[in-house]
Amino acid sequence: MRQLVITERICLFGHILAKAFGLVGILLVIPNAELILNLGSVGQTAMQMSMADGGVVDIILGTIAVSIYAYRTLGWRTWLGFMLPAVSISVGSELLGTSIGFPFGDYSYLSGLGYKIAGLVPFTIPLSWFYVGLSAYLIARAGLKVAEKPSLWRQLGAIFFGAMLFTCWDFALEPAMSQTSLPFWFWKEPGAFFGTPYRNYAGWFGTSALFMSVAALLWRNTSIKLERSQLNLPIIVYLSNFAFAAGLSLGSGFIIPVSLGLVFGVIPAVVLWSKTTPTLKEVAVTTANEVSVTSVKVSVN
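Residues numbered from 1 in each chain as written. Predicted model: local features only at pLDDT ≥ 70, side-chain atom pairs only at ≥ 80, totals over all residues. Heavy atoms only, no water.

- An unreviewed UniProt entry annotates the protein as Carotenoid biosynthesis protein of Iningainema tapete BLCC-T55.

## Structural notes on the UniProt feature "transmembrane region" (unreviewed entry) in the protein
Item 1. Under the local residue numbering, the UniProt record ascribes the feature "transmembrane region" (unreviewed entry) to residues 12-30, 50-71, 83-105, 117-140, 152-172, 201-219, 231-248 and 254-273.
Item 2. Helix makes up 71% of residues 117-140 and strand makes up 12%, while its end C-alpha atoms are separated by 31 Å.
Item 3. Taken as a whole, residues 231-248 contains 94% helix and 0% strand, while its terminal C-alpha atoms sit 26 Å from one another. (UniProt positions renumbered as here; feature names shortened; annotations may be inferred. Helix = DSSP H or I, 4+ residues; strand = E, 2+ residues; numbered from the N terminus.)

## Considerations on unusual backbone geometry
Item 1. For the bond from Phe-102 to Pro-103, the omega torsion is 10 degrees, close enough to zero to count as cis.
Item 2. For Pro-103, the location among the structural elements is in the loop between α5 (76-100) and β1 (107-109).
Item 3. The phi dihedral of Ala-118 falls on the positive side, at around 55 degrees, and the residue is not glycine.
Item 4. Relative to the assigned elements, Ala-118 resides in the loop between β2 (116-117) and β3 (121-122).
Item 5. Given a relative accessible area of 61%, Ala-118 falls into the exposed group. (Buried < 20%, exposed > 50% of the residue type's maximum accessible area, 1.4 Å probe, protein only.)

## Here's the deal with the side chain of Glu-174
Item 1. Mapped onto the secondary structure, Glu-174 falls in helix α7 (residues 152-178).
Item 2. At 12 Å, Arg-199 is the nearest oppositely charged side chain to Glu-174, a buried residue that forms no salt bridge.
Item 3. Here the side chain of Glu-174 touches Trp-185 through a polar contact of 2.6 Å, side chain to side chain.
Item 4. For Glu-174, the contacting residues outside a window of four places in its chain are Gln-179, Trp-185, Trp-187, Thr-196, Asn-200 and Tyr-201. (Lys, Arg positive; Asp, Glu negative; His and termini not counted. Salt bridge = Lys/Arg side-chain N within 4 Å of Asp/Glu carboxyl O. Polar contact = N/O pair within 3.5 Å; in protein donor to acceptor, adjacent residues only side chain to side chain. Contact = heavy atoms within 4.5 Å.)

## Structural notes on the pattern of salt bridges
Item 1. Evaluated as defined, the whole model comprises 3 salt bridges.
Item 2. Of the charged contacts, one joins Lys-19 and Asp-58 as a salt bridge, the two residues approaching to 3.1 Å between their closest N and O atoms. Taken together, the positions of Lys-19 in helix α1 (residues 2-29) and Asp-58 in helix α4 (residues 54-74) put the pair 39 residues apart, joining distant regions of the chain. Residues Lys-19 and Asp-58 agree in their burial class; the two are buried.
Item 3. Residue Lys-188 is joined to Asp-106 by a salt bridge in which the shortest nitrogen-to-oxygen separation is 3.9 Å. Here the residue Lys-188 occupies a position in the loop between β4 (185-187) and α8 (198-218), and Asp-106 occupies one in the loop between α5 and β1, the gap between them amounting to 82 residues.

## Overview of the packing of aromatic side chains
Item 1. Taken as a whole and judged by the stated rule, the model has 26 aromatic pairs.
Item 2. Between Tyr-71 and Trp-79 the ring centres are 6.4 Å apart and the planes differ by 80 degrees, which places this aromatic pair in the edge-to-face class.
Item 3. The ring centre of Phe-244 lies 4.5 Å from the NZ or CZ of Lys-19, which sits over that ring. (Phe/Tyr/Trp six-rings, centres within 6.5 Å; stacked < 30°, edge-to-face > 60°. Lys NZ or Arg CZ within 6 Å of the ring centre and 35° of its normal.)

## Digging into the packing of helix α6 (residues 124-143) against α8
Item 1. Across the interface, α6 lies against α8 with an axial gap of 11 Å and an inter-helix angle of 70 degrees. Relative to α8, the element α6 lies roughly perpendicular. In this structure, α6 crosses over α8, and the sense of that crossing is right-handed. The residues of α8 that touch α6, namely those facing Trp-129, Gly-133 and Tyr-137, are Trp-204, Thr-207, Ser-208, Phe-211, Met-212 and Ala-216.
Item 2. Across the contact of α6 with α8, the residue classes tally to 6 nonpolar, 3 polar and no charged. (Axes fitted to C-alpha atoms, helices over the stretch in contact; angles between N-to-C directions. Parallel < 35°, antiparallel > 145°, perpendicular 65-115°, else oblique. Left-handed = near helix turned anticlockwise from the far one by under 90°. Nonpolar A, V, L, I, M, F, W, Y, C, P; charged D, E, K, R; others polar.)

Here you go:
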């Protein structure tokens, strides 16, 4: 198990590092390509590394990190009970979207995200739906205390907030991926919301809510009680992916979409994470501090 933890942390660190490197590459390296190439072999190496499948590496590392985390924390059945619906439903939605325009709108993927399933959807796309979707859903479930106080309304609330957090990631992601200097997909008919159709966000919410609902049904007989420290990886994954997308979008001046994602995605995610059950160690420290303060007050009196 210790080796799994080490591998998980290495992959998580690599995932974040790849995103940071990709952000620098897209914002600084590519716009200054001629200047950087004039630096000789060092500049050419930096350019090649920035362009050569960086998005593929970062998504694969994120998938491995979250998969190991889910296997360790939830068990293999629970992990697959989310991963299989998330991947299959999202790839189905993406294939429909790139074929007939439903449910997201009329769009096509460009290169840079790896081999395309049926020549339409990069294989990395459903993987990103999985690992960001699971992170968002676990944060929502734990914040609403679904395991501690099970009820239909809490279950539905977790699906709603999980899908909302996931969709808010796309507020920052969409301009960055489709309308910056190095797009990964494009809209055949640009929409009214900063070039994105409004229906795209409805499609994101509906697709993510659907696979989260399937996972909730598959998990109905499983007790999933996660303490705050056990949600460190999901919150790090969610925030780092949002930060990458926000950095690209802000670099191109898309302030409003990023702000909406921050207000309705990042802030609720942090609030939900903070409301999860603290670990025994955190409770002990809090109790000790309260006792210490009380002792000081008594002494003063």
